[in-house]
Amino acid sequence: SHAKLARLLAGELTLPGLPLAQDRRWSAVAQLNRHAAPASRERIAAELKRDNSRRGQTEAIRAEVLRPEWETKKPWLDKIASPDAGLSLADQRTAMQSLFPYEQARFHRRFSGDYFSWLKALAPVRPNEFLESFAEQLVPATCRAEDSAALGSFLDANPGLSPVILKELKVARQENGRCIRARAL
């Protein structure tokens, strides 16, 4: 439960034989934020005081973007898309990988309207390493027929995009179709 995770982080609860190493602490902070548990946002800052290493900074990004709030996700999407945001590729990837966990599909769908226009605008100006992550991690494929149709329309209208992008979108369309068929069973 969230309360037990919070007690573990506060040192009020211990588990015999399971030391709460820094990686486990960050995992607990991320899970609390993923579900917007009480005081979870403050736990990010508190944990960064304990661990301000490069890994700690990366884990703080992960915990923040996991929050189930559009007002937290949207500024991160803007930072990811901006070449002037000062984020390393590693930080951008961390944010992209964590923005839309499966139970937050409503936020992913909310972004889907921007995804294709952003991808088309970013394609000629960003490196393939970034584009591959953007295309794969943020693709609006949430196990709905509408997602497959949107992917198909975009692919048909943009055959000249980078092979990296085309591959990721085709894989996403295929996986989305598999998900739809599995749900129909």
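A brief structural summary.

Rules used in this analysis
Residues numbered from 1 in each chain as written. Predicted model: local features only at pLDDT ≥ 70, side-chain atom pairs only at ≥ 80, totals over all residues. Heavy atoms only, no water. Phe/Tyr/Trp six-rings, centres within 6.5 Å; stacked < 30°, edge-to-face > 60°. Helix = DSSP H or I, 4+ residues; strand = E, 2+ residues; numbered from the N terminus. Buried < 20%, exposed > 50% of the residue type's maximum accessible area, 1.4 Å probe, protein only. Lys NZ or Arg CZ within 6 Å of the ring centre and 35° of its normal. Disulfide = S-S within 2.5 Å. Core = buried A, V, L, I, M, F, W, Y, C linked by side-chain atoms within 4.5 Å. Contact = heavy atoms within 4.5 Å. Expected span 1.5 Å × (residues − 1).

**A few points about the packing of aromatic side chains**
Then, number 1: The full count for this structure, using the stated rule, is 7 aromatic pairs.
Then, number 2: With a centroid separation of 6.1 Å and an interplanar angle of 80°, the aromatic rings of Phe 111 and Tyr 115 are classed as edge-to-face. On the criterion of helical spacing, the pair formed by Phe 111 and Tyr 115 is a turn pair, its members being 4 residues apart in helix α7 (residues 105-122). Considered together, Phe 111 and Tyr 115 belong to a single accessibility category, that of buried residues.
Then, number 3: Ring geometry for Tyr 115 versus Phe 116: centroids 5.1 Å apart, planes at 80°, classification edge-to-face. Here the two residues Tyr 115 and Phe 116 agree in accessibility, since each one is buried.
Then, number 4: Each residue in the set Phe 100, Phe 111, Tyr 115, Phe 116, Trp 118, Phe 130, Phe 134 and Phe 154 is aromatic and connected to the rest through ring pairs, giving one cluster.
Then, number 5: Its guanidinium or amino end placed over the ring of Trp 76, Lys 79 lies 4.0 Å from that ring's centre, counting from NZ or CZ.

**Focus on the state of the cysteines**
Then, number 1: Counting across every chain of the model gives 1 disulfide.
Then, number 2: Shown here is the disulfide that connects Cys 143 with Cys 179, its sulfur atoms set 1.9 Å apart. Across the S-S bond of Cys 143 and Cys 179 the torsion is about -105°, and the bridge reads as left-handed. Of this pair, Cys 143 sits in the loop between α8 (128-138) and α9 (145-157) while Cys 179 sits in helix α10 (residues 163-184), and the two are 36 residues apart along the sequence.

**Focus: the nonpolar core**
Then, number 1: In terms of nonpolar packing, the biggest core is built from 33 residues, with Phe 111, Tyr 115, Phe 134, Leu 138 and Leu 169 touching the most fellow members.
Then, number 2: Residue assignment for this core shows that the elements contributing at least two residues are α4 (54-65), α5 (70-81), α6 (89-98), α7, α8, α9 and α10.
Then, number 3: Sort the elements by how many residues they give to this core and α7 lands first, with 7 residues.
Then, number 4: With near-sequence residues (within four places) excluded, Tyr 115 lies in contact with Phe 134, Ala 135, Leu 138, Val 139, Pro 140 and Leu 169.
Then, number 5: Counting residues in hydrophobic clusters, the runner-up holds 11 residues, among them Val 29, Ala 30, Ala 37 and Leu 66.

**Quick look at α5**
Then, number 1: With 12 residues, α5 should reach 16 Å at 1.5 Å per residue; the first-to-last C-alpha distance of 16 Å fits that figure.
Then, number 2: Along its buried surface, α5 packs onto α3 (40-50), α4, α6, α7 and α8.

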